[in-house]
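Listed here are the chains, written in short residue letters.
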Amino acid sequence: MEDTDGSNPQSLGFTEKLKSWLSWSWTYVCVVWFGMVLIMIYVLWSPLKLQETLTSASVFLNTLTPKFYVALTGTSSLISGLILIFEWWYFRKYGTSFIEQVSVSHLRPLLGGVESNSTTGLFSSVNGEAEPRPSVSECKVWRNPLNLFRGAEYNRYTWVTGKEPLTYYDMNLSAQDHQTFFTGDTHQLRPEDAVMQKAWRERNPQARIRAAYQAIEMNHECAAAYVLLAEEEATTITEAERLFKKALGFAGKDVNLLVYIKRRLAMCARKLGRIKEAVKMMRDLMKEFPLLGMLNIHENLLEALLELQAYADVQAVLAKYDDISLPKSATICYTSALLKARAVSDKFSPEAASRRGLSTAEMNAVEAIHRAVEFNPHVPKYLLEMKSLILPPEHILKRGDSEAVAYAFFHLQHWKRAEGALNLLHCTWEGSMRVILLFLLLHTPLTLCLPFFILFTAGLCSFTAMLAMLTHQFPELMGVFAKAFFSTLFAPLGFFADKMESFMLPSFWHQLTPI
């Protein structure tokens, strides 16, 4: 057994070396092929009478009428225009160039390129525990700390509209979370754990619930099964709380289960109006597990404290977590802005501020809103109700629209409670947008952020259309220009052929003719 295991790395190393050698050698295949083509042309120049063929081709080109060139350039312009329209449609729909995608997906591996690993570690980064990447440190998928209950909240939308509130991609990420969070050690899986592994992967909610009951039949103390029933089957928050309490009794010393269940119990208490109890549970949870700060339990605590209007406690939490070394979030940035705006918003007036200038407190509030808008510019449109709110997803993209939806869904009421805060946000946000646009106009080169092939096909279409128009309007002049262009283009090839023919012995061609 040891020999087998020891031989695997050697075979893998040989395979990797072979692949690297093939990738390295592929670079020179084109050069060798081009050289062989030149040699074949040189060898067969006289036997195949290529000189006479080129002469006859030049005579044929000289006899072509300007109408042919008009048709040629017009057809080229039409084809490139159709390609441009398709590329533009594909880019607007999928956000990438079709030609670029095909070349990267199919041609790049053949040419020895390395495929992008941008999706690697996507699921592992859901809880913020992926390896740090400087380039995308803040733009990755995180689990929504305030996500709703599927059975008690998300399903209400399905009952009313008949539509699914969550995307399959979102639910797939949640299944990945639950598999790694509740049954992470695959080497010591109990039978009920194996059933729950399959349950999380089921796409049909009823199949997941049936699998949870099957796990309970195998072991009535399967805490993960009760968690699934509380999330999926419970139609009210009270029923979900009862199932979570039952799961808590069977969780034992499993840290992942304990943290998840206690957090959801605190959220149940918050939704049932027992806010002080929820705050106490969240504080106890953060004290008991201080190293799990990446789970963003403090965001649940901030929302509950805002509901209590305990603004001093909110400021204390922000002072602890609004640190440059910790990953930012819209909740932290906009809650900090709300506290500063609340102190001056009730007396704020844009007209008065334009006459007398901003006070120190107003300047601090404006700067805080500027920082928040810089972090996530999508949030103000939802807070100002310029865009309709939808149910928040179970996963959010930091600094993206999904994070803005999740924040505004729970925090819009807190902004409305602070008199004048939304007015100050609106004025500052409009000013921020003007400043950002002015900065972009002054400091950003005027380049189109479009894929290369869209710009290339647009240029090709315009150039060929211009040639077609010029050939139609000035046929004689464009004919002279075309002849001069082609003669100049083929002049190096003719010069090269003449030189090579002068170097060869006259009898060499006669010796190759029988061959």
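Residues numbered from 1 in each chain as written. Predicted model: local features only at pLDDT ≥ 70, side-chain atom pairs only at ≥ 80, totals over all residues. Heavy atoms only, no water.

### What about the overall build of the chain?
Quick reminder of the rule: We count a stretch as a helix when DSSP gives it H or I for four or more residues in a row; a strand needs E for two or more, and each element gets its number in order from the N terminus. Buried means the residue's accessible area, taken with a 1.4 Å probe over protein chains only, is under 20% of the maximum for its type, while exposed means over 50%, and partly exposed covers the values in between. The criterion used for residue contact is that any of the two residues' heavy atoms lie within 4.5 Å. Note on areas: these come from Shrake-Rupley sampling with a 1.4 Å probe, and a residue is covered only by the protein chains present in the view.
Along the chain, the regular secondary structure elements total 23 helices and 2 strands. Residues counted as buried form 36% of the 515 residues belonging to the chain. Put simply, 64% of the contacts in the chain that link residues at least 6 apart link residues at least 24 apart. Put simply, the chain shows about 31300 Å² of open surface, and 64% of that area lies on carbon and sulfur atoms.

### Focus on the pattern of salt bridges
Rule in force here: The term salt bridge refers to a side-chain nitrogen of Lys or Arg lying within 4 Å of a carboxyl oxygen of Asp or Glu.
Under the defined criterion, the tally for this structure stands at 17 salt bridges. Note that Arg208 and Glu232 form a salt bridge whose closest N and O atoms lie 3.0 Å from each other. Of this pair, Arg208 sits in helix H8 (residues 205–218) while Glu232 sits in helix H9 (residues 223–232), and the two are 24 residues apart along the sequence. Like Arg208, the residue Glu232 is buried in the burial classification. Here Asp401 ties to Lys387 by a salt bridge, and the two come within 3.5 Å at their closest N and O atoms. Taken together, the positions of Asp401 in helix H19 (residues 401–417) and Lys387 in the loop between helix H18 (379–383) and strand S2 (395–397) put the pair 14 residues apart, joining distant regions of the chain. It is possible to trace a salt-bridge network through shared partners that takes in Arg150, Arg208, Glu232 and Glu394.

### Details of the nonpolar core
What counts is decided by this rule: Only buried residues count toward a nonpolar core, which is a set of Ala, Val, Leu, Ile, Met, Phe, Trp, Tyr and Cys residues joined through side-chain atoms within 4.5 Å.
Of all hydrophobic cores here, the largest spans 90 residues; its most connected members are Met196, Phe244, Tyr334, Leu383 and Trp415. A total of 9 residues in this core trace back to one element, the largest contributor, which is helix H11 (residues 255–271). Beyond its immediate sequence surroundings of up to four residues, Trp415 is in contact with Tyr334, Ala337, Leu338, Leu383, Tyr407, Ala421, Leu422 and Leu425.

### Examining the UniProt feature "transmembrane region" (unreviewed entry) in the chain
To keep it simple, the criterion reads: UniProt positions are given in the numbering used here, feature names are shortened, and annotations may be inferred rather than shown by experiment.
The UniProt entry lists residues 26–48, 68–91, 435–468 and 480–497 under the feature "transmembrane region" (unreviewed entry), expressed in the numbering used here. Across residues 68–91 one finds 100% helix and 0% strand; the C-alpha atoms that close the span lie 34 Å apart.

### Details of helix H14 (residues 311–321)
Given 3.6 residues per turn, any residue in an α-helix points the same way as the ones three and four places further on. Stated formally: In this context, the arc is that of the directions from the helix axis out to the C-beta atoms.
Every buried residue of H14 is accounted for by Tyr311, Val314, Val317, Leu318 and Tyr321. Across the axial projection of H14, the buried residues extend over an arc of 115°, all falling on one side. More than 90 degrees from the buried face of H14, the exposed residues found are Ala312, Ala319 and Lys320. Buried residues in H14 make contact with helix H12 (275–288), helix H13 (297–308), helix H15 (330–342) and H19.

### Comments concerning the environment of Ala316
Position of Ala316 among the secondary structure elements: in helix H14. Spatially, the C-alpha atoms of Ala316 and Leu302 are 10.0 Å apart, while their sequence positions differ by 14 residues.

### Here's the deal with a nonpolar patch on the surface
Note the threshold: Grouping into patches uses exposed residues only, defined as over 30% relative accessible area, and leaves out salt-bridged ones; the cut-off is 9 Å for like charges and 5 Å for nonpolar side chains (Val, Leu, Ile, Met, Phe, Trp, Tyr).
A cluster of nonpolar residues, Phe481, Phe485, Phe486, Leu489 and Phe490, forms a patch on the protein surface that exposes about 520 Å² of accessible area. With respect to the secondary-structure elements, Leu489 resides in helix H22 (residues 475–503).

### Some thoughts on the packing of aromatic side chains
For any pair of aromatic rings, geometry is given as the distance between the ring centres together with the angle between the planes. In plain terms, the rule: Working definition: a ring pair exists when centres of Phe, Tyr or Trp rings (six-membered ring for Trp) sit within 6.5 Å. Plane angles under 30 degrees give stacked, over 60 give edge-to-face, the rest tilted. Working rule: Lys NZ or Arg CZ, within 6 Å of ring centre, within 35 degrees of ring normal, means a charge sits over the ring.
Following the criterion strictly, the structure yields 7 aromatic pairs and no others. Aromatic side chains Phe86 and Trp89 sit 5.9 Å apart centroid to centroid with 35° between the ring planes, which places their arrangement in the tilted category. Here Phe86 and its partner Trp89 are both found in helix H3 (residues 66–94), 3 residues apart, which amounts to about one turn of the helix. For Phe86, a relative accessible area of 36% translates into the label partly exposed. One aromatic cluster is present, formed by Phe86, Trp89 and Tyr90 through successive ring pairs. Between Arg264 and the ring centre of Phe149, over which it is positioned, the NZ or CZ distance is 4.1 Å. Above the face of the Tyr311 ring, Arg342 is positioned so that its terminal group lies 3.9 Å from the ring centre.

### Structural notes on the environment of Ile297
Its location among the elements puts Ile297 in helix H13. When its relative accessible area of 6% is taken as the criterion, Ile297 is described as buried. Taking the C-alpha atoms as reference points, Ile297 and Met286, 11 residues apart in sequence, are found 7.2 Å from one another. The residues contacting Ile297, other than those within four sequence positions of it, are Val259, Arg263, Leu285 and Met286.

### Regarding the side chain of Arg264
Our working rule: Throughout this description, a polar contact denotes any pair of N or O atoms lying within 3.5 Å of each other; where both atoms belong to protein, one of them has to be capable of donating a hydrogen while the other can accept it, and for residues adjacent in sequence the pair is counted only when both atoms sit in side chains.
Mapping Arg264 onto the fold places it in helix H11. The exposure class assigned to Arg264 is buried, which follows from its relative accessible area of 2%. Of the polar contacts made by the side chain of Arg264, one reaches the backbone oxygen of Leu148; its length is 3.3 Å. A polar atom in the side chain of Arg264 sits 2.8 Å from the side chain of Glu231. In contact with Arg264, other than residues within four places in its own chain, are Asn147, Leu148, Phe149, Glu231 and Phe244.

### Focus: the environment of Ala194
Note that Ala194 resides in helix H7 (residues 191–201). Remark: the alpha-carbon pair of Ala194 and Ala215, spanning 21 residues in sequence, is separated by 8.7 Å.

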